[in-house]
Structure formats: C-alpha cells, structure tokens
Amino acid sequence: MQTNDDILQAIRIEKTFPGTRALDKVDFHLRRGEVHALLGENGAGKSTLIKCLTGAYRRDGGAILLDDTEVDPRDTFEAQALGIGTVYQEVNLLPNLTVAENLFLGRQPRRFGMVDARAMNRRARDLLADYELDIDVTRDLASYSVAIQQVVAIARAVDLSGKVLILDEPTASLDAHEVAMLFRIIRRLKARGLGIVFVTHFLEQVYEISDRITVLRNGQLVGTRETASLDRRELIAMMIGRELAAEIHAPRAEAQQGPLRYRFRNYGRKGRVRPFDLDVRAGEVVGMAGLLGSGRTETAELLFGAHRADSGEAEIDGRAVDLASPRAAIRHRFGFCPEDRKTSGIVGDLSVRENIVLALQARRGWTRPISRAEQNRLADHYIRALDIRTADREKPIKLLSGGNQQKAILARWLATEPEFLILDEPTRGIDVGAHAEIVKLIEALREKGLSLIVVSSEIEELVAYSTRVIVLRDRAHVAELDGTRITADQIVEAIAATNERRTS
Amino acid sequence: MKPKYLPLTATLVIFLLGYVICVAQYPNMLSTRVIGNLLTDNAFLGIAAVGMTFVILSGGIDLSIGSVIAFTGVFLAVVLEHTSLHPLIAFALVLAIATLFGAAMGAVIHYLEMPAFIVTLAGMFLARGMAFVLSIDSIPIKHPFYATLKGLYFKLPGGGRITLIGGLMLLVFAAGILIAHRTRFGTNVYALGGGTATSRLMGVPVAATTIRIYALSGLLAGLSGIVFSLYTSAGYSLAAVGVELDAITAVVIGGTLLTGGSGFVAGTLVGILIQGLIQTYITFDGSLSSWWTKILIGLLLFAFILLQKGIILVSRHRQQRA
C-alpha cells in the first residue's frame, strides 16, 4: 500500500471518547494529485479522522506521515503551516470582514507599519483569478453566496497550506450549478498535484469527482477502493452496517398484526420530505431505511410534529388529527427518541430519575407534579425493566454509557405509555452488546401492541425487527418491503436503484 | 452603498439635521465658539468612547471606564497634593496603572473564559473602591502646571477655541481610526467580533488581541481621567458615575453593532457630538429640564437599535436571494 506517491499517510489512528471508540486503528493513504472520497454514515468516524489529521483533536495512537516525514500537528494552525488545509461545510471565515481581509488575515502586506490595503486587495484579486472568481474583494464576505464563500475558503486554505486539502461536506448547501463550479476548481487543484480529501454523503458526486474511496463504519476502516471498479451497490453495502450477529436474527414470530390505527395520506413538507402515504397497524414495527440525507429523520420529525406538515392529513383510528407540534403529538400518545441524544435527548446534568420522568411530567403539566415516591417507583421500574446499568437512580445521566443513556430515553417515553413510538437511530453510537438489547426491547414493545417507527442505518437490525421496511431516497419514500422480502440484499438493492421504481 | 455604511450615514444625517434645526431656532449656535465648547465639554467622554468602540467591536463590553476615570482623578489629586512629583510623571504613572488594570481584566476574560460583562463589572467596583481608599473628599488640584495646560488652546476664526483637551480628543479619534482600519491589530479586533472560534481557527492571536483591547480601553480611560481632572480641576471618587453607559450609547448611536464585528471609530465621534448637541440645545433653550437630554438620547438609542436590526434583516434577506 505504501508508495512514494502517498502525500499523506495515516497509520493505525486511534481515538477514544468516554464511552465510545471513535477510531479503531484506521489507516488512510492519500496520493498526490488524487481526489479521495471519505465516506461513512453519521458517527462512522469521518469527522473524527479529519479532526485528528488537522490537529483539532489529539489522536490517542497511530502516526501521521506527510511527505514520508512524521508530523504531529497540535492545532489546525500548525497543520496548516505543515501543508494540510481544511474547508468545512460551515464556512470558517469571518462574514464581517472583506474578502481580501479574509484571505490575508494575519499576513496582510504592510507598508511603514500600516496595512497596505491596496496591495492586499490587488493580491486578493490575483489569487481569486486562479479560481475563476472576479469579484469585488473589498466587499464584506457576507454579501456573497455560500458557494463563493466556499471558494474563498478553498483559496485561503490552498494558499496557506498547499499540499493536502480536506473538504468536509463542501457541497451540502450548494445548488447543481455551484457544485459544477466547485468541481472544476477541485480538478484544477488536483492537476496541480494537491492531495484532496473529499467528504460527502452525495454518492453521485463521489462517482463524478473521486479517484478512490475509503469507507469507515463505527470507527473502523471498511476498505479503500478504486472508484472506477466499485459499483454503487457494493459501496452502499460497505457503508451500511451488516454485522449483527445471527443470535438476534431469530425467526420473527409471524406478526399477529392488530387493526389499522394510523393513517397518513399525502403527508409531507416542502424542502424536507416529499408527500408520502403511510399506514401503521397496532403491533407493527415499520423500519425506515435509506442513506444519510435521504429523508429518514425528516419523516420521523414530521410524524412527531417537530416540523409541521404542509400537505396531507393524518388519521388516528379513523379520526382526523392535527399533529402541529410535539405537544399535540404527545397528547395523542406519540413518543419520539431523536437521533442525536446528546443535543436533543438527554439533559446531562439531571439524574437518571429526572430524565425518565421528564416527558410524563411535561404531559401532565407542571401544576400536577408527580410525587417523589411515584418518580422513584417509575425510575426503579424502568431501570430494572430495561436493565439500565447505573449505580443508582440519582446519578447524573451524562456519566452513563451511550447504550444506557439510550435506554433511559426510551424509558422516558415508555413512562408516558405511548401507543405510537418513533425511534431515530436507537443503536447509534452504542456498543454491539447494547445493540442486541435494544433490538430485543423493540420486539417486546411490538408484542405489547405498540406501533413503532424505527429509523436505522443498520440494515441487519431493520431486518431483525421490522414487519415492514420503507426505503427512502432523495427525500422520498421509494419502496416498501414486507414479509419475506425483508432481507438485507433487497433493502440495499432498493437504496441503490438509481431509477425510481415502486415495489408496493 | 454597502450596507455596513448605512448606520454611519444615518448617524451623520441625524447630526447634520439636528444641527440645522438647532441653528434655525437659535442662529447663535452656528458659531465656532459652540463647536469649540462641544469638543471641550465632551473630550473626556469621547476619549473613553474610543476605547469602548474597540471593546464593543471585538464583541465585548467594558463597564469599568467611569470608575477608572474617577480613580485617575483622585490619584492625580492626591499625588499632586502630597508629593512634589511633576504632573507629567504622575500622568505617566496613572496611565501605566490604568493600562495594566485593563490588561489584567482582558487576561481574566480570556484565560478564565469569563464574560466581559462580569469581569469589567468587578473591575468597576474595584476601581471605584480604590478611589475611595485614596480619598473620600473632592480634592481640588491647584498645581500651576494645570493652569498652564488649561491655558493652551488653538484659536478658531469667529472666537471659538479648540482647547488642549478638545484637540487631544480629536487626535485620539484620528489614532483610533488608523488603528482600527490600517493595522493588523485592528483587523483582528473586527475578526474577534465576527466570531472568536473562527478567528482562532484562522490564526488570530486571540489571547494577545483580547488583552490588548482591554489594555487599550484602560489606557484611554486613564487618559480620559486626566482630561477630566483638567476639565474639573479636581479629583473626586464619586465623579464620572455612569460614564461607561454614556460611552456605550455614543458607540451604538455611532453605528457600531453591540454584538461586535461591525462599526466605525469615526461613528463614535458623531455619536458623541449628537449627545453634546442635544445638551447644547437644552442649554440654549434654558427653560427645558436637563432630563430631556436623557429622554431624547434614550429614544435615539432605541431608534438605532431598531435600525441595526432592520439592516441585519435586510442584508440577510438579500443574501438569501443572491
């Protein structure tokens, strides 16, 4: 693998955060003059790897070689001086400074101790001319579109570093025309011999621009391949987890499905997810499969009223309901465990008990507090029932491991005795043992007659507990699989299919 | 016109308009004498406001200014009364103390990651307390050198005079404009106001810049204290209460965004002049209570906050369409 062609080599990089192993001996090799796509689902370790390369994080193990010399950047500034420049999705420039000031911040040309604005502006114009940009460099950066800001950021990064350019989701907020412009620039930089790392979740763009692809999953290297010889389906199979042990893949007790309870017709919201129809019975688990950005999470949020639907109607037991807000949804006995439990799930400094009773208390209203004895009873019940491993119920929840935090959030919603439970990535970022427990729990809830919607990027998991699987692509529901057709291969096939094809 | 010049232009227009209205009512106000007095009367506030402009541009706030002015005045009065030091040496001494005091606050804000509001609030009490420790009485300064300094002025045609302190304020503003727009430090101040985390990523020396900003504010507050003691010929620990708020007002009316990152030192000068103009008008009128100054300035301040909010909305809207 190691050739002199490599401009940047990362060897057995390790990084551990409390509770998770973010990078587990990951190798990454970047050649001179190549565009190398770095892929993986959320939490796969892409950002962590990049942050280790750019010095934003200190790695716990492994080595980084730049031009065959070992380097150890302590911060992004040092990485830049060494030759590794980074451009993030959120443009990391200062919107209130002019374009020229942004390009030359900290190294403005000076005359007699004063900044020579004229020289600086001239050099800024010259620099941007290389990037097909002819703009007024004396205007504030904020007055330009994100695409132009992105190019300015690239120009600055290349001008400062000049060996390796890392682009972290640079196209996320650009339109097709702007993407084309960006790609022209990337190709030009590639021809100049830069090594370019390209992180994105748009697979079309990966195939359009990249020479090689490296896939990470759960902090581990899945593999590095030539783009030309890797077909789409294989790539998706690499990205999506298929590693669940057979033990939880027990034959599904043939779903003794209850009556149809929830009907969504033509339900959707512009810009988030295209209108879809969805029926959910009691005692059913509907899985949502799709890649990041396909509209899975958007669907979940829409169903819970976190965003208001702008088309279609919802019915529960044949009666029309208005799910305008999470409060309304909770009144109808909906529950929702969001994807990012750190920011939108747990309240870290509160105890396990307080986190568990939170939703129930919110539904009852603050004027009718739950007695301490009742709280203790509830907390103890769920700590036992879900096997939440904590020293005691008064421990701050942030001290628990990821899997136990997840179970506590689940307990929070179970305490409200929901009838319709939405789980967004319930197994994200928790260890494999805890995976199996969550899967068992989902099974148990289904048997109790709950209706569940589960969003997951772990295909095998979906196969294990779903009675039906909805496949999403490009913010639309594109396929529905049920019965014996719920297999990992079929799901991957449906995700990878480039043409819209309905298998009802 | 670039949107960032809009608040500055609005301030300038309001000042000129206000002046025209004043002159229409009291033609006497159109004289170099009035202008000279405007500069002299507001010199200490103007000098302190330059420091405040830098602090606010960087996204911070400095509440200790008034107290530092009072401390400076008392310090000078006490030193000149009890020792035989030459006032110039006393000036140098007190400027050094004020600068160090500001730098220390900057260091606390940066290294302990404390909000500037709390740190400078503590600084405010500390400086005021130190003034009381030195003396609780109003001490007159009768040094002959003070009389000499007060006698210095530049005569304008029409009988007006730009006194030493009025001229000093103009010089400080000129230096402030140069520092803000023509030095790397100036750009770094704007950068901090645009976002500390991003600035750090882009290689701005955040610690050094923060400390220098508050040191500069301290230095200028000290200079303002010297000017104030020249203006009043006394040092009193209860003097200059609330001057920091007047300075903030001038900065905001001058078109600087209170959240930092956008604004001009020159705008602050106009802001000072507007405040002075309102006061002058009330003096000329003679029948109006001085409370009207506060009411008018309150309204103006409110109007400018609305204007800034509007500009931010408009520019964001425009960007979305671009």
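What you see is a predicted model, and the numbers here were worked out from it, not measured in a lab. (Residues numbered from 1 in each chain as written. Chains lettered and ligands numbered in written order. Predicted model: local features only at pLDDT ≥ 70, side-chain atom pairs only at ≥ 80, totals over all residues. Heavy atoms only, no water.)

A. Layout of the overall build of chain A. In terms of helices and strands, chain A carries 17 helices and 22 strands. Principal axes of the C-alpha set define a box for chain A whose edges measure 75 × 50 × 45 Å. The burial tally for chain A puts 56% of its 504 residues in the buried class. Across chain A, the fraction of contacts at a sequence separation of at least 24, relative to all contacts at a separation of at least 6, is 67%. In the form shown here, chain A has an accessible surface area of approximately 21300 Å², with 47% of it arising from carbon and sulfur atoms. Between the averaged position of the 72 positive side-chain charges in chain A and that of its 73 negative side-chain charges there is a distance of 3 Å. (Helix = DSSP H or I, 4+ residues; strand = E, 2+ residues; numbered from the N terminus. Buried < 20%, exposed > 50% of the residue type's maximum accessible area, 1.4 Å probe, protein only. Contact = heavy atoms within 4.5 Å. Areas by Shrake-Rupley, 256 points an atom, 1.4 Å probe, with all protein chains shown as cover. Lys, Arg positive; Asp, Glu negative; His and termini not counted. Charge placed at Lys NZ, Arg CZ, Asp CG, Glu CD.)

B. Structural context of the sheet that holds strand β13 (residues 260-269) of chain A. All names here are of chain A. Taking strand neighbours across the sheet as the criterion, the 4 strands line up as β14-β13-β16-β17 in an open arrangement whose pairing is antiparallel. What marks the edges here is a single partner per strand, and that holds for β14 (273-281) and β17 (319-321). Averaged over all pairs of adjacent strands, the angle between their axes in this sheet comes to 25 degrees, without regard to strand direction. Of the pairings in the sheet, the one linking β13 to strand β16 (residues 311-316) comprises 5 bridges and is antiparallel in character. Following the sheet pairing, F264 is matched in β16 by A314. Helix α9 (residues 296-304) contacts β13 and β14 of the sheet and is inclined by roughly 65 degrees relative to β14. (Pairing = 2+ DSSP bridges. Axes fitted to C-alpha atoms, helices over the stretch in contact; angles between N-to-C directions.)

C. Region of interest: the interface of chain A and chain B. Opposite the 29 residues of chain A that make contact, chain B presents 23 residues. At the boundary of chain A and chain B, one finds 0 salt bridges. Listed by contribution, the elements that provide at least two residues to the side of chain A that touches chain B are α2 (76-82), α3 (99-104), β8 (114-115) and α5 (146-160) of chain A. In terms of residue class, the side of chain A that touches chain B is made up of 10 nonpolar, 11 polar and 8 charged. (Salt bridge = Lys/Arg side-chain N within 4 Å of Asp/Glu carboxyl O. Nonpolar A, V, L, I, M, F, W, Y, C, P; charged D, E, K, R; others polar.)

D. Seen up close, the packing of aromatic side chains. Within this structure, the stated rule accounts for 18 aromatic pairs over all chains. Look at Y267(A) and F276(A): their rings are 6.3 Å apart centre to centre, the planes differ by 75 degrees, and that puts the pair in the edge-to-face class. What makes Y267(A) buried here is its relative accessible area of 4%. Through a chain of ring-to-ring contacts, the aromatic side chains of Y262(A), F264(A), Y267(A), F276(A), F334(A) and F420(A) assemble into a single cluster. A cation over a ring is seen here: R161(B) above Y153(B), with NZ or CZ 4.0 Å from the ring centre. (Phe/Tyr/Trp six-rings, centres within 6.5 Å; stacked < 30°, edge-to-face > 60°. Lys NZ or Arg CZ within 6 Å of the ring centre and 35° of its normal.)

E. Quick peek at the domain arrangement of chain A. All names here are of chain A. Structurally, chain A comprises domain 1 (6-96 + 140-239), domain 2 (245-333 + 418-504) and domain 3 (348-417). For domain 1 versus domain 2, the distance between C-alpha centres works out to 32 Å. Contact residues are listed per partner, giving 11 residues for domain 1 and 14 residues for domain 2. Across the interface of domain 1 and domain 2, roughly 1100 Å² is buried in total on both sides, 61% from carbon and sulfur atoms. Counting across the interface, domain 1 meets domain 2 through 0 salt bridges. Among the elements that make up the side of domain 1 that touches domain 2, the one with the highest residue count is helix α8 (residues 232-239) (5 residues). (Domains from an automatic or database assignment. Buried area = accessible area lost by both parts, 1.4 Å probe.)

F. How the structure looks around unusual backbone geometry. Residue and element names in this part refer to chain A. Here E132, not a glycine, exhibits a phi torsion of approximately 60 degrees, which is positive. Take E132: it is sitting in the loop between α4 (117-129) and α5. Classification of E132 as partly exposed rests on a relative accessible area of 33%. Located in the positive-phi region is E425, a residue other than glycine, with phi close to 50 degrees.

G. Quick peek at the packing of helix α12 (residues 243-253) of chain B against helix α13 (residues 265-285) of chain B. All names here are of chain B. Close contact between α12 and α13 brings their axes to 7 Å; oriented N to C, the two are set at 115 degrees. Here the hand of the crossing between α12 and α13 comes out right-handed. Where α12 abuts α13, its residues D246, T249, A250, V251 and I253 lie against T268, G271, I272, I274 and Q275. Its residues assigned to classes, the contact of α12 with α13 shows 5 nonpolar, 4 polar and 1 charged. (Left-handed = near helix turned anticlockwise from the far one by under 90°.)

H. The nonpolar core, seen in detail. Formed by 143 residues in total, the largest nonpolar core has its most connected members in V99(A), L103(A), L128(A), V152(A), I154(A), L165(A) and I186(A). Counting residues per element, this core draws most heavily on helix α3 (residues 43-57) of chain B, at 12 residues. Aside from chain neighbours lying at most four places away, what touches I186(A) is V35(A), L167(A), I196(A), F198(A) and I209(A). Among the nonpolar cores identified, the runner-up in size contains 93 residues, and L235(A), A300(A), A359(A) and V439(A) belong to it. (Core = buried A, V, L, I, M, F, W, Y, C linked by side-chain atoms within 4.5 Å.)

I. Region of the structure containing the environment of V243(B). All names here are of chain B. With respect to the helices, strands and loops of the structure, V243 is situated in helix α12. Overall, V243 belongs to the buried group, its relative accessible area being 5%. Taking C-alpha positions, V243 is 26 Å from F145, a pair spaced 98 residues apart along the chain. Setting aside its immediate chain neighbours within four residues, V243 contacts F44, L45, I65, G66 and I69.

J. A look at the pattern of salt bridges. All names here are of chain A. All chains considered together, the criterion is met by 29 salt bridges over all chains. Between K190 and D211 there is a salt bridge, with its nearest N and O atoms 3.2 Å apart. Here K190 is found in helix α6 (residues 176-191), whereas its partner D211 is found in the loop between α7 (203-209) and β11 (212-217), with 21 residues between them in sequence. We classify D211 as partly exposed; its relative accessible area is 26%. The shortest N-O distance in the salt bridge between E394 and R353 comes to 2.7 Å. With E394 in the loop between α13 (372-385) and α14 (402-415) and R353 in helix α12 (residues 352-364), this pair connects stretches of sequence that are 41 residues apart. Sharing partners across several salt bridges, the network here consists of R353, R372, D380, R393 and E394.

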